[in-house]
Amino acid sequence: MEKDLSYLHDIRKEYIKANLHEENVEKNPIDQFSNWFTDAINAKVMEPNAMTLATTSANGQANARTVLLKDVDERGFVFFTNYTSTKGQEIAKNNKIALLFFWPELERQVRILGTAEKTSYQESEEYFHSRPVGSQLGAIVSHQSARIENRSIIEENLERLTEEFKDTEIPLPDYWGGYRLTPHYLEFWQGGAQRLHDRIVYEKTDSSWDIYRISP
Ligand SMILES: Cc1cc2nc3c(=O)[nH]c(=O)nc-3n(C[C@H](O)[C@H](O)[C@H](O)COP(=O)(O)O)c2cc1C
């Protein structure tokens, strides 16, 4: 390796901004998430709805990538993607997935475990048509995660489709739509001094949520 990155050892940051107490958290994790998300907006976190999505392949290989949170309510956390992509294929085999938010400006992390189901056609369609036309065309053109020879293939396809759909509504392709993760475990992490972070967990029980602290 040409570049010396041994200074990595010396990169460290003290977390000092806030504390998280059991007494002060919401009873419902979605309310707690909403509070923290609002804080992230107010703190001008660059892409507060960007989250890491973790899946596993059929042979148990973990995989992760960033996607955007597009809806959240009592039913769960929604993102949109190509169903035939690597992530789509992996979710089809194992819908037990995880999401992770990291908001460095707030020294906070939220970990979410749950099961994914496709959103309804209607929900996907509504979101699809709310996107800019360029993004709709981009979704159609890209066979996401498939190997391609070069970039000009997609650029030519984009040109062709832009012409084809110039006067008509672009139909939602059947290979594109949303997933909703229904959570059963959420952990709210607030960085603390001397690496003694606060970690509050919500774990789903039959009728409500068990809320407890875990060690940093
Ligand atoms: C900030 C950011 C946001 C992204 N949002 C999405 C998204 O909402 N949906 C999506 O399919 N890919 C999104 N991507 C691209 C994915 O990270 C990934 O490259 C793509 O979905 C293919 O992943 P896969 O091969 O594991 O299926 C985003 C990437 C970044 C960096």
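Residues numbered from 1 in each chain as written. Predicted model: local features only at pLDDT ≥ 70, side-chain atom pairs only at ≥ 80, totals over all residues.

**Remarks on the site of the ligand**
And then number 1: Within the structure, the ligand sits among 15 residues, and Thr81, Ser85, Thr86, Lys87 and Ser145 are positioned closest to it.
And then number 2: Going through the elements one at a time, strand E2 (62-68), strand E4 (76-82) and helix H2 (86-93) are the ones with two or more residues in the shell around the ligand. (Near = placed C-beta within 6 Å. Helix = DSSP H or I, 4+ residues; strand = E, 2+ residues; numbered from the N terminus.)

**Description of the nonpolar core**
And then number 1: Core analysis: the biggest nonpolar cluster contains 23 residues, and Phe77, Leu99, Val110, Ile112, Leu181 and Phe188 have the highest contact counts within it.
And then number 2: Listing elements by their share of this core, those giving two or more residues are helix H1 (29-42), strand E1 (50-56), E4, strand E5 (96-103), strand E6 (108-118), strand E7 (176-190) and strand E8 (198-204).
And then number 3: For this core, the leading source of residues is E7, giving five residues.
And then number 4: Ignoring anything within four residues of it in the chain, the contact list for Leu99 reads Met51, Thr52, Leu53, Phe77, Ile112 and Leu181. (Core = buried A, V, L, I, M, F, W, Y, C linked by C-beta atoms within 7 Å. Buried ≥ 20, exposed ≤ 12 C-beta atoms within 10 Å, placed from the backbone. Contact = placed C-beta atoms within 7 Å.)

**Some thoughts on H2**
And then number 1: For H2, the set of buried residues is Lys87, Glu90 and Ile91. Viewed end-on, H2 has its buried residues packed into an arc of 100 degrees, placing them on one side of the element.
And then number 2: Taken together, the buried residues of H2 touch E1, E2, E4, E5, E6 and E7. (Arc of directions from axis to C-beta.)

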